[in-house]
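Chain and residue survey
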Amino acid sequence: MALITYREALNQALSEEIKRDKSVVLMGEEVAQFKGSYKVSEGMLEKFGSDRIIDTPISEAAFSGLAVGAAMMGMRPVVEFMFWSFCYVAFDQIFNNAASIRYMSGGLINVPIVFRGPANGGTNVGATHSHTPENFAANTPGLKVICPSTPADAKGMLKSAIRDNDPVCVMENTILYNLRDEVPEEDDFTIPLGKSKVVREGNDLSIIAHGNAVHTSILVAQTLEEKYQVSVEVLDLRSIRPLDTESILSSVRKTNRVLLVEENKPFCGIDAQICFLIQDQAFDYLDAPIKRVSAIDVPQAYSKALESVQIPDHDRVLAKALELI
């Protein structure tokens, strides 16, 4: 095991895949000379050259479209968005074209492409830079969506995403880039897409979360055990689409109480879909109504004081958990 940051884990995954497969390239605004806006691609230009690490003009529509065309012709591009909020500029290229081409070609043309970058609030950069669009992407057949919450998951799942023959949206959280944890040092460490992970075992309550909300949920679980002697299970979804439905249902059947936590907005959010899944397939196992904690349903605040309240925090998640038990 190596103790590295989430940022370094992404760098390792990209570097290993570029070295392994000559069809893999990284492109985006400032990914080469500037080393990426969040320094994920640090050292990669010097290592692989400008043919593999490509600085693009400031036009998400242009370089996303270029990447889709390249993927159709056999390349495996990795597109870095400075913020996932900017994906809306390339909505047609991602959600209309990349997602639909394999289906519309009758399976003759694959689009092996990764769109990745920070997708989160909590960094006080305003409403137009703070979207968490995993629900948008997951709503589109043909796209896969993952939200790694640890350095190990970031590395293993990004490597799997790059090797996947379908478009994969990798939603990273800026707040996690400096998170340091152990990552396996095996030669070809990968984590399959579509598999959740129980990060904390428990019997009295299931907290289901993804991304940075997983870490908030773990802290709440610790508080509930220490102060209230409540045994809490925390399930990290990791993959939004494909969704590991069986692991979700297994946890519900085990604990009989469910709290869903996400930093997305509540209306048509990921947890709305999970709530439907649980009541449809595990209703008889519930001893209490399903509860949710989401970001407050307004455009993201610029003010640090306001945004810290807007995103689910320890106290808000704890209060909702106490309602359940």
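Chains are numbered independently. Their residues run from 1 in the order of the written sequence. Predicted model: local features are reported for residues with pLDDT of at least 70 only, side-chain atom pairs are reported and counted for 80 or more only, and whole-chain, interface and lining totals are derived from all residues. To obtain the side-chain values, all non-hydrogen atoms of the structure were used and water was disregarded.

Topic: the sheet that holds strand E3 (residues 53-55)
Defined as follows: Pairing between strands requires that DSSP locate at least two bridges from one strand to the other. Working definition: helices are DSSP H or I runs of at least four residues, strands are E runs of at least two. Numbering for both runs from the N terminus. Between N-to-C directions, angles cover 0 to 180 degrees, with each direction set by a line fitted to C-alpha atoms, over the stretch in contact for helices. What makes two residues a contact is simply this: any of their non-hydrogen atoms within 4.5 Å.
The mixed open sheet is built from 7 strands, whose spatial order is E3-E2-E4-E5-E7-E6-E12. Unpaired on one side and paired on the other, E3 and strand E12 (239-241) mark the two borders of the sheet. Going from strand to strand, the sheet's axes swing by 20° on average, the running direction of each strand aside. Note: strand E6 (residues 144-146) against strand E7 (residues 168-172), 3 bridges, orientation parallel. Following the sheet pairing, Lys-144 is matched in E7 by Val-168. Across the face of the sheet, helix H1 (residues 6-20) comes into contact with strand E2 (24-28), E3, strand E4 (76-80), strand E5 (114-118) and E7 while running at roughly 130° to E2.

So, the packing of aromatic side chains
We count it as follows: Think of it this way: a Phe, Tyr or Trp ring, Trp meaning its six-membered ring, pairs with another when their centres are within 6.5 Å, and the plane angle makes it stacked under 30 degrees, edge-to-face over 60, tilted otherwise. Burial classes follow relative accessibility: with a 1.4 Å probe on protein chains only, a residue under 20% of its type's maximum area counts as buried, one over 50% as exposed, and anything between as partly exposed.
Applying the stated criterion to the full structure yields 11 aromatic pairs. When the ring of Phe-63 is compared with that of Phe-81, the centres are 6.4 Å apart and the planes differ by 40°; the resulting orientation is tilted. Of this pair, Phe-63 sits in helix H3 (residues 60-72) while Phe-81 is found in the loop between E4 and helix H4 (91-98), placing the two residues 18 residues apart along the sequence. We note that Phe-63, like Phe-81, is buried. Measuring from ring centre to ring centre gives 6.5 Å for Phe-91 and Phe-136, while their planes differ by 90°; the resulting arrangement is edge-to-face. With a gap of 45 residues between them, Phe-91 in helix H4 and Phe-136 in helix H6 (residues 134-138) connect regions that are remote in the sequence. In this structure an aromatic cluster arises from ring pairing among Tyr-6, Tyr-38, Phe-83, Phe-86 and Tyr-177.

Let's talk about the environment of Thr-190
Checked against the element boundaries, Thr-190 lands in the loop between strand E8 (180-183) and strand E9 (197-200). For Thr-190 and Leu-158, which are 32 residues apart along the polypeptide, the C-alpha to C-alpha distance reads 8.1 Å. Once residues lying within four places of it in the same chain are set aside, the contact partners of Thr-190 are Gly-156, Lys-159, Ser-160 and Arg-163.

A few points about the side chain of Thr-255
Here is the rule: Under this definition, polar contacts are N or O atom pairs within 3.5 Å; protein pairs additionally need one hydrogen-donor-capable and one acceptor-capable atom, and for neighbouring residues in sequence, both atoms have to be side-chain atoms.
Structurally, Thr-255 can be placed in helix H9 (residues 245-255). A polar atom in the side chain of Thr-255 sits 2.6 Å from the side chain of Ser-206. Not counting residues up to four positions away in its chain, the partners in contact with Thr-255 are Gly-202, Asn-203, Asp-204, Leu-205, Ser-206 and Glu-233.

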